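Listed here are the chains, written in short residue letters.
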Amino acid sequence: MIQWTQSSFKFVMIEGIPMLTLLLFIQTISPATKKKTHAFFKEHIHDAEEIRYVVDGSGYFDVRDKEDRWVRIPFKKGDLMTLPEGIYHRFTKDSIDTIHLMRLFIGSPIWTSFNRPCEEHPSRKKYVEQYLNKE
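Worth saying up front: this structure is predicted, and the values here are computed from it rather than measured. (Residues numbered from 1 in each chain as written. Predicted model: local features only at pLDDT ≥ 70, side-chain atom pairs only at ≥ 80, totals over all residues. Heavy atoms only, no water.)

**A short note on the overall build of the protein**
At step 1: A tally of regular secondary structure across the protein gives two helices and nine strands.
At step 2: Starting at the N terminus and ending at the C terminus, the protein contains elements arranged as β-β-α-β-β-β-β-β-β-β-α.
At step 3: Taking the contacts inside the protein whose residues are at least 6 apart along the sequence as the reference set, 72% of them involve residues at least 24 apart.
At step 4: Of the roughly 8,100 Å² of accessible surface on the protein, 56% is carried by carbon and sulfur atoms. (Helix = DSSP H or I, 4+ residues; strand = E, 2+ residues; numbered from the N terminus. Contact = heavy atoms within 4.5 Å. Areas by Shrake-Rupley, 256 points an atom, 1.4 Å probe, with all protein chains shown as cover.)

**Comments concerning the environment of Met 81**
At step 1: Within the element layout of this structure, Met 81 appears in strand 6 (residues 80-83).
At step 2: The class of Met 81 is buried, set by a relative accessible area of 14%.
At step 3: When the C-alpha atoms of Met 81 and Arg 103 are compared, they prove to be 9.9 Å apart, with 22 residues separating the residues in sequence.
At step 4: Those residues in contact with Met 81 that lie beyond four places of it in its chain are Glu 50, Ile 51, Arg 52, Phe 61, Ile 73 and Phe 75. (Buried < 20%, exposed > 50% of the residue type's maximum accessible area, 1.4 Å probe, protein only.)

**Observations concerning the pairing of strand 5 (residues 70-76)**
At step 1: Summarising the sheet, strand 4 (residues 50-64) and strand 5 pair through seven bridges and their orientation is antiparallel. Looking at the pairing, Asp 62 lines up with Arg 72 of strand 5.
At step 2: The antiparallel hairpin formed by strand 4 and strand 5 contains five residues in its connecting segment, where Asp 68 sits at a positive phi of about 70°. (Pairing = 2+ DSSP bridges.)

**Some words on the nonpolar core**
At step 1: One finds Phe 40, Val 54, Phe 61, Val 63, Phe 75, Met 81, Leu 83, Ile 87, Phe 91, Ile 99, Leu 101 and Tyr 127 forming the largest nonpolar core, which totals 12 residues.
At step 2: Of all the secondary structure elements, the ones that give two or more residues to this core are strand 4, strand 6 and strand 8 (99-104).
At step 3: With residues near it in sequence (within four places) discarded, Tyr 127 still touches Arg 64, Pro 84, Glu 85, Gly 86, Ile 87 and Leu 132. (Core = buried A, V, L, I, M, F, W, Y, C linked by side-chain atoms within 4.5 Å.)

**Some thoughts on helix 2 (residues 122-132)**
At step 1: Among the residues of helix 2, Ser 123, Arg 124, Tyr 127 and Val 128 are the ones counted as buried. Buried residues of helix 2 fall within an arc of 135° about the axis and therefore sit on the same side. Seen from the buried face of helix 2, the exposed residues on the opposite side, beyond 90 degrees, are Pro 122 and Glu 129.
At step 2: Taken together, the buried residues of helix 2 touch strand 3 (44-46) and strand 4. (Arc of directions from axis to C-beta.)

Written as structure tokens, this is what we have:
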């Protein structure tokens, strides 16, 4: 049984830049871990760019397009992806049911999510201006 614990987090320095590594395994899980993984599926934004490296396993990130429709992005071991600050997104596992992700931060680690709706959040406004209001 996998437990979600503080020991799942590891702080590292890469070339003087502090980064946070999140190790997340999803298999046969405890009720506490199941609750945490369901939180990833709630549509949300972050107030910083999200950088993920897939150490093992596979899954999906869902993001919204300009018409507010879901776009599913599959990922697998070895993939690196970034999501811009303020984009609505969610994460889910696939049928393999195992994922080991690394989340990287540039600068001080920020791990705050804001569930939709949050159109007035400064990061969401920034995203809308940079990406959605362009012709």
